[in-house]
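Working through the structure, step by step
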Amino acid sequence: MAGLDDIYRQLTPAERGRHVPGQIFWIPAYETMRDYHVVRVGRWDRTTDIATANFKIEKKSISSIGAPSDLFHHMPIPELQLKMGEELLVKKVKRRPALLVLRDCFDTRRLANTYAGIGAKPNPQSHVFAPIFSLRKEDNVGQNYPEPFIGKVALGELPEFLHLPAEGTVLRNESMAVFTQFQMHGESFVEETTLCLKSLYLATALETFWQDLEGQILALGE
């Protein structure tokens, strides 16, 4: 098991603002929901400001989200830049730490134009994160993960989970980053910290995860 000096480093002020892979952020992490809920406009006089509209929450199945059969109740709303085939999806979120995995996520249309020789390369719009979950907490024994599971994560026997020991400031609990729950968030919706994983620790973990995933895919074709 690696020691703290082999896992973490503190970023300089310049590095913190540049956003480097392995940096720990606070993100509005999505929580798993059993059902889909969407925001729909109830009563609204379209000649008035959108702020006067009466919105409601409706439960929907994935087959009815943005579907033609639902268009009578789902009208485009230019004020919200909502098109006919789009929805305002209600998501339950929780503020939690997350590991920055991929920094340069561009608008695909603008990036395509760049390769076509039209316009300059766009700035990154968002980052991809692996959410971080506490494995165990003080005075929270009843909700800790089972010890056999924690042991396997700590020993690196489960490639989809990256073990993160408590470092005392940002990560106060023994934790894990989950590579099977990557989430994308815009830069304006995340908060930087100075804590960062060392490059070798993160790169080795991602390589192990990818090799394990590749093996699973190849095994399906045999």
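The numbering scheme is per chain: residues are counted from 1 as the chain's sequence reads. With pLDDT at 70 or above as the cut-off, local features in this predicted model cover only qualifying residues; side-chain atom pairs require 80 or more to be listed or tallied, and sums for whole chains, interfaces and linings still use all residues. The side-chain numbers reported here are obtained from all heavy atoms of the structure, hydrogens and water having been left aside.

**Considering the overall build of the protein**
Summing up its helical and strand segments, the protein has 5 helices and 11 strands in all. Expected size for 222 residues packed as a compact globule is a radius of gyration near 17 Å; at 22 Å, the protein overshoots this value by more than 25%. Principal axes of the C-alpha set define a box for the protein whose edges measure 65 × 50 × 50 Å. Accessible area for the protein stands at about 14100 Å²; split by element, carbon and sulfur atoms hold 55% of it. His is not counted, nor are the chain ends, whereas Lys and Arg count as positive and Asp and Glu as negative. A charged residue contributes its charge at one atom only: NZ of Lys, CZ of Arg, CG of Asp or CD of Glu. Charge centroids of the protein, computed over 25 positive and 28 negative side chains, lie 6 Å from each other. Counting from the N terminus, the helices are DSSP H or I runs at least four residues long and the strands are E runs at least two residues long. A radius of gyration in this sense is built from C-alpha atoms; the matching globule rule multiplies 2.2 Å by the number of residues raised to 0.38. Using the Shrake-Rupley algorithm and a 1.4 Å probe, accessible areas are obtained, with residue cover drawn only from the displayed protein chains.

**Quick notes on the nonpolar core**
By convention a nonpolar core is built from buried Ala, Val, Leu, Ile, Met, Phe, Trp, Tyr and Cys residues, the set being connected through side-chain atoms within 4.5 Å. Buried residues are those whose accessible area, probed at 1.4 Å on protein chains only, stays under 20% of the maximum for their type, while exposed residues exceed 50% and partly exposed ones sit between those limits. If you look at the biggest cluster of nonpolar residues, it comprises 19 residues, and the most contacted ones within it are L99, L162, L164 and L197. Listed by contribution, the elements that provide at least two residues to this core are β6 (93-105), β7 (126-134), β8 (161-164), β11 (191-197) and α5 (199-220). The element best represented in this core is α5, accounting for 4 residues. The contact criterion used throughout is that any non-hydrogen atoms of two residues lie within 4.5 Å. With residues near it in sequence (within four places) discarded, L197 still touches I7, Y8, R9, G22, L99, L162, L164 and L202. Residues I150, V153, F161 and V178 belong to the second largest nonpolar core, which totals 8 residues.

**Regarding the pattern of salt bridges**
For side chains of opposite charge, pairing can occur when their charged atoms come near one another. Whenever Lys or Arg places a side-chain nitrogen within 4 Å of a carboxyl oxygen from Asp or Glu, that contact is recorded as a salt bridge. Under the defined criterion, the tally for this structure stands at 13 salt bridges. The salt bridge partner of R9 is E15, with a shortest N-O separation of 3.3 Å. Exposure remark for R9: the relative accessible area of 28% places this residue in the partly exposed category. A salt bridge links K152 to E157; the shortest N-O distance between them is 3.4 Å. According to the relative accessible area criterion, K152 is partly exposed, its value standing at 39%. Residues joined by salt bridges that share partners form a network here, namely R40, K56, E58, K60 and E87.

**Considerations on helix α4 (residues 147-154)**
Since one α-helical turn is 3.6 residues long, residues separated by three or four positions face the same way. Within α4 the residues assigned to the buried category are I150, V153 and A154. The buried side chains of α4 occupy one side of the element, clustering within an arc of 95 degrees when seen end-on. Elements in contact with the buried residues of α4: β8 and β9 (175-178). G156, located one to two residues past α4, shows a positive phi value of around 75 degrees. This arc describes the spread of directions from the helix axis toward the C-beta atoms.

**Remarks on the packing of aromatic side chains**
Between 30 and 60 degrees the pair is tilted, below 30 it is stacked and above 60 it is edge-to-face, where a pair is any two Phe, Tyr or Trp rings, Trp via its six-membered ring, whose centres lie within 6.5 Å. Evaluation of the coordinates by the stated rule reveals 5 aromatic pairs. Relative to F209, the ring of F179 has its centre 5.4 Å away and its plane inclined at 50 degrees; by these criteria the two rings are tilted. In this pair, F179 sits in the loop between β9 and β10 (183-186) while F209 sits in helix α5, placing the two residues 30 residues apart along the sequence. For F209, a relative accessible area of 12% gives the class buried.

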